[in-house]
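For reference, the chains in residue letters:
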Amino acid sequence: MPLLAQLLAAVADGSVEIVDLTAPLSDRTPILRLPEPFANTVPFRLREISRYDDRGPAWYWNDIETGEHVGTHFDAPVHWATGRGGEDVAQVPPARLVAPAVVLDASARAAADPDFLLEIEHVRDWEKANGPLPDGGWLLYRTGWDARSGDQGAFLNADENGPRTPGISAECARWLAEETPVIGLGVETVGTDAGAAHAFDPPFPCHSYFLGAGKYGLTQLQNLARLPARGAVLVAAPLPIEGGSGSPARVLALIER
């Protein structure tokens, strides 16, 4: 049987499961909030054009208003100053949008400490137990933060000092981006960086190092708890927006059962 026919048969009989890692997109989707004087993205909004009425008797459709980095979305290298001149989202090769993925689960640590930062030693411990990071694949960082995605306040978890959400240390971000074979980082939080990352050196190191290295980011993922530590295939499907720094994306994982 041809390989693609085998895949379709496996999906049909349930031996390959497709897990949706995408958060539903609506006007309730949590969005990043930057302090003044920085500009902010608009939230997602549907604007009705017609709905089986005088404006269009047989059809329903909408205009949409959203930012590139709203909801589950893809960060292209050009999104960050370190990736200036790199790929925009339309230039990302399609072959890089289908890749192996591993899941590093730090949800217990993040539950105990919302400021938890992943360090190199944590990744090396994971590798000892699960094998090397995938060449040309994704590191998906599970913190359990998707459980908060229905509530903007709980999701951003901000106090007088700013957001308090888990992330990755600057040293670990540099190491992952520059010394490991992964092509991207996926997270459950509003951005790939920790809530306190504005105060890191450099600020927002996951953005700085990953995008500067021509790699990618995925944010606001869900259902990582349903994936194995290794063995999943990730399909990331951003819109090919010419000149775009990123795009809302449908992200799927294929896993063997």
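Refer to the preceding data block for the structure.
One structure accompanies this document, and this report is about it.

Cut-offs used in this document
- Residues numbered from 1 in each chain as written.
- Predicted model: local features only at pLDDT ≥ 70, side-chain atom pairs only at ≥ 80, totals over all residues.
- Heavy atoms only, no water.
- Helix = DSSP H or I, 4+ residues; strand = E, 2+ residues; numbered from the N terminus.
- Buried < 20%, exposed > 50% of the residue type's maximum accessible area, 1.4 Å probe, protein only.
- Polar contact = N/O pair within 3.5 Å; in protein donor to acceptor, adjacent residues only side chain to side chain.
- Contact = heavy atoms within 4.5 Å.

**A short note on the side chain of His-69**
By secondary structure assignment, the location of His-69 is in the loop between strand S3 (56-65) and strand S4 (73-75). Exposure remark for His-69: the relative accessible area of 17% places this residue in the buried category. Within polar-contact distance, the side chain of His-69 engages the side chain of Asp-75 at 2.9 Å. Engagement of the side chain of His-69 in a polar contact is seen with the side chain of His-79, the distance being 3.3 Å. Setting aside anything within four residues of it in sequence, one finds His-69 in contact with Phe-74, Asp-75, His-79, Ser-245 and Gly-246.

**Observations concerning the environment of Ala-236**
One can find Ala-236 in strand S13 (residues 230-238). Classification of Ala-236 as buried rests on a relative accessible area of 2%. Along the backbone, Ala-236 and Thr-22 are 214 residues apart, and their C-alpha atoms lie at a distance of 9.7 Å. Among all residues touching Ala-236, those that are not within four sequence positions of it are Phe-74, Leu-97, Leu-218 and Arg-250.

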